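Here is how the chains run, residue by residue.
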Amino acid sequence: GPGFINFFLSDRYYADILSDVSEKGEDYGKSNYGEGKRVLVEFVSANPTGPMHIGNARGGALGDCLASVLEAAGYYTEREFYINDAGNQINKFGLSLDLRYLQLYKNGIEMPEDSYHGEDIINHAKAFAEIHGDSFVEKSEEERRKALVEFALPKNIKGLHDDLAKYRINYDTWFKESSLHQSGETERIIELL
(Lines give C-alpha, C1' and ligand atoms only; values in the text may rest on other atoms or scores of the structure.)
Protein backbone atom coordinates (compact mmCIF):
# COMPACT_ATOMS: atom_id res chain seq x y z
CA GLY A 1 0.00 0.00 0.00
CA PRO A 2 0.94 3.63 0.42
CA GLY A 3 3.25 2.97 3.43
CA PHE A 4 1.25 4.36 6.34
CA ILE A 5 -1.44 3.18 8.73
CA ASN A 6 -4.26 5.38 10.03
CA PHE A 7 -5.29 5.08 13.68
CA PHE A 8 -8.56 6.51 14.92
CA LEU A 9 -9.37 7.21 18.57
CA SER A 10 -12.88 6.40 19.72
CA ASP A 11 -15.35 8.95 21.01
CA ARG A 12 -15.16 7.09 24.34
CA TYR A 13 -11.41 7.92 24.57
CA TYR A 14 -12.14 11.65 24.22
CA ALA A 15 -15.08 11.46 26.62
CA ASP A 16 -12.87 9.82 29.27
CA ILE A 17 -10.36 12.68 28.96
CA LEU A 18 -13.11 15.27 29.39
CA SER A 19 -14.46 13.37 32.42
CA ASP A 20 -10.94 13.31 33.91
CA VAL A 21 -10.56 17.09 33.35
CA SER A 22 -13.95 17.72 34.94
CA GLU A 23 -13.23 15.46 37.91
CA LYS A 24 -9.74 16.80 38.68
CA GLY A 25 -10.40 20.47 37.92
CA GLU A 26 -7.29 22.57 38.53
CA ASP A 27 -5.34 19.44 39.46
CA TYR A 28 -5.73 17.97 35.96
CA GLY A 29 -2.32 17.22 34.46
CA LYS A 30 -0.50 17.45 37.79
CA SER A 31 1.70 14.64 39.07
CA ASN A 32 4.16 13.88 41.85
CA TYR A 33 6.92 12.94 39.39
CA GLY A 34 9.32 15.49 40.93
CA GLU A 35 8.76 14.11 44.42
CA GLY A 36 9.11 17.59 45.93
CA LYS A 37 12.73 17.98 44.80
CA ARG A 38 13.85 21.60 44.82
CA VAL A 39 14.25 23.38 41.49
CA LEU A 40 15.40 26.99 41.14
CA VAL A 41 14.32 28.64 37.89
CA GLU A 42 16.27 31.84 37.31
CA PHE A 43 14.89 33.73 34.33
CA VAL A 44 14.76 37.14 32.67
CA SER A 45 17.38 38.67 34.98
CA ALA A 46 17.53 41.64 32.63
CA ASN A 47 20.37 44.07 33.06
CA PRO A 48 19.01 46.56 35.64
CA THR A 49 20.86 49.44 33.98
CA GLY A 50 17.99 50.04 31.57
CA PRO A 51 14.39 49.20 30.77
CA MET A 52 13.21 45.79 29.63
CA HIS A 53 13.09 44.96 25.93
CA ILE A 54 11.03 42.41 24.00
CA GLY A 55 13.69 39.69 24.41
CA ASN A 56 13.45 40.05 28.19
CA ALA A 57 9.67 39.92 28.01
CA ARG A 58 9.79 36.75 25.91
CA GLY A 59 12.22 35.19 28.39
CA GLY A 60 9.77 36.04 31.16
CA ALA A 61 6.90 34.21 29.50
CA LEU A 62 9.06 31.15 28.76
CA GLY A 63 10.66 31.02 32.21
CA ASP A 64 7.37 31.41 34.04
CA CYS A 65 5.76 28.66 31.90
CA LEU A 66 8.69 26.34 32.59
CA ALA A 67 8.40 27.00 36.34
CA SER A 68 4.65 26.28 36.20
CA VAL A 69 5.21 23.00 34.34
CA LEU A 70 7.80 21.94 36.94
CA GLU A 71 5.37 22.79 39.75
CA ALA A 72 2.63 20.74 38.05
CA ALA A 73 5.10 17.85 37.78
CA GLY A 74 5.57 17.80 41.55
CA TYR A 75 8.76 19.80 41.98
CA TYR A 76 9.20 22.39 44.72
CA THR A 77 9.81 25.29 42.36
CA GLU A 78 11.22 28.73 43.16
CA ARG A 79 11.35 31.61 40.70
CA GLU A 80 14.35 33.92 40.96
CA PHE A 81 15.33 37.20 39.33
CA TYR A 82 19.10 37.59 39.58
CA ILE A 83 19.86 41.32 39.76
CA ASN A 84 23.24 42.05 38.18
CA ASP A 85 23.93 45.06 40.37
CA ALA A 86 27.72 44.72 40.54
CA GLY A 87 30.61 44.71 38.09
CA ASN A 88 31.18 46.17 34.64
CA GLN A 89 27.58 46.95 33.72
CA ILE A 90 27.04 48.94 36.90
CA ASN A 91 30.36 50.74 36.41
CA LYS A 92 29.26 51.68 32.88
CA PHE A 93 25.86 52.73 34.25
CA GLY A 94 27.56 55.00 36.81
CA LEU A 95 29.84 56.49 34.14
CA SER A 96 26.91 57.18 31.82
CA LEU A 97 24.77 58.76 34.55
CA ASP A 98 27.74 60.83 35.71
CA LEU A 99 28.49 62.23 32.27
CA ARG A 100 24.84 63.00 31.54
CA TYR A 101 24.57 64.78 34.89
CA LEU A 102 27.74 66.82 34.21
CA GLN A 103 26.45 67.72 30.73
CA LEU A 104 23.63 69.59 32.44
CA TYR A 105 26.16 72.00 33.97
CA LYS A 106 29.29 71.88 31.82
CA ASN A 107 30.00 72.15 28.11
CA GLY A 108 32.19 69.80 26.11
CA ILE A 109 31.42 66.60 28.03
CA GLU A 110 31.44 63.74 25.49
CA MET A 111 29.84 60.33 25.89
CA PRO A 112 32.22 57.45 25.16
CA GLU A 113 31.04 55.06 22.46
CA ASP A 114 30.77 52.14 24.91
CA SER A 115 28.63 54.07 27.44
CA TYR A 116 24.84 53.93 27.68
CA HIS A 117 23.24 56.49 25.38
CA GLY A 118 19.56 55.81 26.07
CA GLU A 119 16.96 58.41 26.91
CA ASP A 120 16.46 56.72 30.30
CA ILE A 121 19.99 57.75 31.35
CA ILE A 122 19.27 61.38 30.45
CA ASN A 123 15.97 61.26 32.36
CA HIS A 124 17.64 59.82 35.47
CA ALA A 125 20.35 62.51 35.38
CA LYS A 126 17.72 65.25 35.04
CA ALA A 127 15.60 63.81 37.88
CA PHE A 128 18.69 63.62 40.10
CA ALA A 129 19.53 67.25 39.22
CA GLU A 130 15.99 68.36 40.07
CA ILE A 131 16.57 67.11 43.61
CA HIS A 132 20.26 67.92 44.14
CA GLY A 133 20.90 70.72 41.65
CA ASP A 134 24.60 71.20 40.91
CA SER A 135 25.69 70.19 44.42
CA PHE A 136 27.41 67.04 43.11
CA VAL A 137 29.35 68.70 40.28
CA GLU A 138 32.36 69.50 42.46
CA LYS A 139 32.24 66.28 44.48
CA SER A 140 34.60 63.45 43.67
CA GLU A 141 33.79 61.30 40.66
CA GLU A 142 33.46 58.27 42.94
CA GLU A 143 31.01 59.99 45.30
CA ARG A 144 28.97 61.44 42.43
CA ARG A 145 28.70 58.13 40.57
CA LYS A 146 27.79 56.25 43.74
CA ALA A 147 25.00 58.74 44.48
CA LEU A 148 23.69 58.59 40.90
CA VAL A 149 23.64 54.78 40.84
CA GLU A 150 21.96 54.63 44.27
CA PHE A 151 19.34 57.04 42.92
CA ALA A 152 18.67 55.42 39.53
CA LEU A 153 19.19 51.69 40.07
CA PRO A 154 16.23 51.15 42.47
CA LYS A 155 13.99 52.97 39.98
CA ASN A 156 15.11 50.62 37.18
CA ILE A 157 14.62 47.54 39.35
CA LYS A 158 11.13 48.71 40.30
CA GLY A 159 10.42 49.27 36.60
CA LEU A 160 11.47 45.69 35.81
CA HIS A 161 9.33 44.41 38.68
CA ASP A 162 6.29 46.43 37.56
CA ASP A 163 6.66 45.49 33.88
CA LEU A 164 6.86 41.78 34.69
CA ALA A 165 3.89 42.01 37.07
CA LYS A 166 1.79 43.46 34.23
CA TYR A 167 1.78 40.03 32.65
CA ARG A 168 1.51 38.20 35.98
CA ILE A 169 5.12 37.16 36.43
CA ASN A 170 6.02 37.20 40.09
CA TYR A 171 9.24 36.00 41.64
CA ASP A 172 9.85 34.32 44.97
CA THR A 173 13.26 35.98 45.16
CA TRP A 174 14.90 39.09 43.74
CA PHE A 175 18.54 38.20 44.44
CA LYS A 176 21.18 40.94 44.28
CA GLU A 177 24.63 40.01 42.98
CA SER A 178 26.07 42.74 45.20
CA SER A 179 25.03 40.74 48.28
CA LEU A 180 27.56 38.06 47.28
CA HIS A 181 30.34 40.64 47.21
CA GLN A 182 29.26 42.29 50.46
CA SER A 183 29.08 38.97 52.31
CA GLY A 184 32.57 37.94 51.16
CA GLU A 185 31.20 34.84 49.39
CA THR A 186 32.78 35.84 46.07
CA GLU A 187 36.27 36.03 47.55
CA ARG A 188 35.73 32.79 49.47
CA ILE A 189 34.77 30.89 46.31
CA ILE A 190 37.73 32.34 44.40
CA GLU A 191 40.08 31.19 47.16
CA LEU A 192 38.43 27.78 47.22
CA LEU A 193 38.87 27.38 43.47
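Just so we're clear, the structure is a prediction, and the values are computed from it rather than from any experiment.

Rules used in this analysis
Residues numbered from 1 in each chain as written. Predicted model: local features only at pLDDT ≥ 70, side-chain atom pairs only at ≥ 80, totals over all residues. Heavy atoms only, no water. Helix = DSSP H or I, 4+ residues; strand = E, 2+ residues; numbered from the N terminus. Rg over C-alpha atoms; globule rule 2.2 N^0.38 Å. Axes fitted to C-alpha atoms, helices over the stretch in contact; angles between N-to-C directions. Parallel < 35°, antiparallel > 145°, perpendicular 65-115°, else oblique. Left-handed = near helix turned anticlockwise from the far one by under 90°. Contact = heavy atoms within 4.5 Å. Patch = residues over 30% accessible without salt bridge, like charges linked within 9 Å, V, L, I, M, F, W, Y side chains within 5 Å. Areas by Shrake-Rupley, 256 points an atom, 1.4 Å probe, with all protein chains shown as cover. Salt bridge = Lys/Arg side-chain N within 4 Å of Asp/Glu carboxyl O. Expected span 1.5 Å × (residues − 1). Buried < 20%, exposed > 50% of the residue type's maximum accessible area, 1.4 Å probe, protein only. Core = buried A, V, L, I, M, F, W, Y, C linked by side-chain atoms within 4.5 Å. Pairing = 2+ DSSP bridges.

### Thoughts on the overall build of the chain
Thought 1: Broken down by element type, the chain carries seven helices and three strands.
Thought 2: The helix and strand sequence of the chain, counted from the amino end, reads α-β-α-β-α-α-α-β-α-α.
Thought 3: Relative to the compact-globule value of 16 Å for 193 residues, the chain shows a C-alpha radius of gyration of 25 Å, a clear excess of over 25%.
Thought 4: The dimensions of the chain, computed from C-alpha atoms along their principal axes, are 80 × 40 × 40 Å.

### So, the packing of helix 4 (residues 119–132) against helix 5 (residues 141–166)
Thought 1: Closest axis-to-axis distance for the helix 4/helix 5 pair is 10 Å, and the angle between their directions is 120 degrees. It follows from the interaxial angle that helix 4 and helix 5 lie oblique. The handedness of the crossing between helix 4 and helix 5 comes out as right-handed. Contacts from His-124, Ala-127, Phe-128 and Ile-131 in helix 4 reach Ala-147, Leu-148, Phe-151, Ala-152, Lys-155 and Asn-156 in helix 5.

### Some thoughts on a nonpolar patch on the surface
Thought 1: On the surface, Leu-9, Tyr-13, Tyr-14, Ile-17, Val-21 and Tyr-28 cluster together into a nonpolar patch covering about 550 Å² of accessible area.
Thought 2: Mapped onto the secondary structure, Ile-17 falls in helix 1 (residues 11–24).

### Digging into helix 5
Thought 1: Under the 1.5 Å per step criterion, the end-to-end length of helix 5 is 37 Å for 26 residues, consistent within 8% with the ideal 38 Å.
Thought 2: Here helix 5 has its buried residues at Arg-144, Ala-147, Leu-148, Val-149, Phe-151, Ala-152, Leu-153, Asn-156, Ile-157, Leu-160 and Leu-164.
Thought 3: Just downstream of helix 5, Arg-168 is the residue with a positive phi angle, here 60 degrees.

### Describing the pattern of salt bridges
Thought 1: Tallied over the full model, the rule gives 14 salt bridges.
Thought 2: For Glu-78, the salt bridge goes to Arg-38, with nearest N and O atoms at 2.6 Å. With Glu-78 in strand 2 (residues 76–83) and Arg-38 in strand 1 (residues 38–42), this residue pair connects regions lying 40 residues apart in the sequence.
Thought 3: Exposure remark for Arg-38: the relative accessible area of 56% places this residue in the exposed category.
Thought 4: In this structure, Glu-141 and Arg-145 form a salt bridge, with 3.6 Å as the shortest nitrogen-oxygen distance.

### What about the nonpolar core?
Thought 1: Among the nonpolar cores identified, the biggest contains 34 residues, and Phe-81, Phe-93 and Tyr-101 are the most heavily contacted of them.
Thought 2: Elements that contribute at least two residues to this core include exactly strand 1, helix 2 (54–72), strand 2, helix 3 (88–103), helix 4 and helix 5.
Thought 3: The greatest single-element share of this core, amounting to nine residues, is contributed by helix 5.
Thought 4: When residues no more than four places from it in sequence are discounted, the contact partners of Tyr-101 are Ala-125, Phe-128, Ala-129, Gly-133, Asp-134, Ser-135, Phe-136, Val-137, Arg-144 and Leu-148.

### Some words on unusual backbone geometry
Thought 1: Phi at Glu-35 takes a positive value of approximately 50 degrees, unusual for a residue other than glycine.
Thought 2: Locating Glu-35 in the fold gives a position in the loop between helix 1 and strand 1.
Thought 3: In this structure, Val-44 takes a positive phi of about 65 degrees despite not being glycine.
Thought 4: Assessed through its relative accessible area of 17%, Val-44 is described here as buried.

### Concerning the sheet that holds strand 3 (residues 173–176)
Thought 1: In space, the three strands of this open sheet follow the order 1-2-3, with parallel pairing throughout. Each edge of the sheet is formed by a strand with only one pairing partner; in this case those strands are strand 1 and strand 3. Across the sheet, the mean angle from the axis of one strand to that of its neighbour is 35 degrees, orientation sign disregarded.
Thought 2: Sheet topology note: the strand 1/strand 2 ladder contains five bridges and is parallel. Of the residues in strand 2, the one forming a bridge with Val-41 is Arg-79.
Thought 3: In the packing of helix 2 onto the sheet, contacts are made with strand 1 and strand 2, and the angle to strand 2 comes to roughly 160 degrees.

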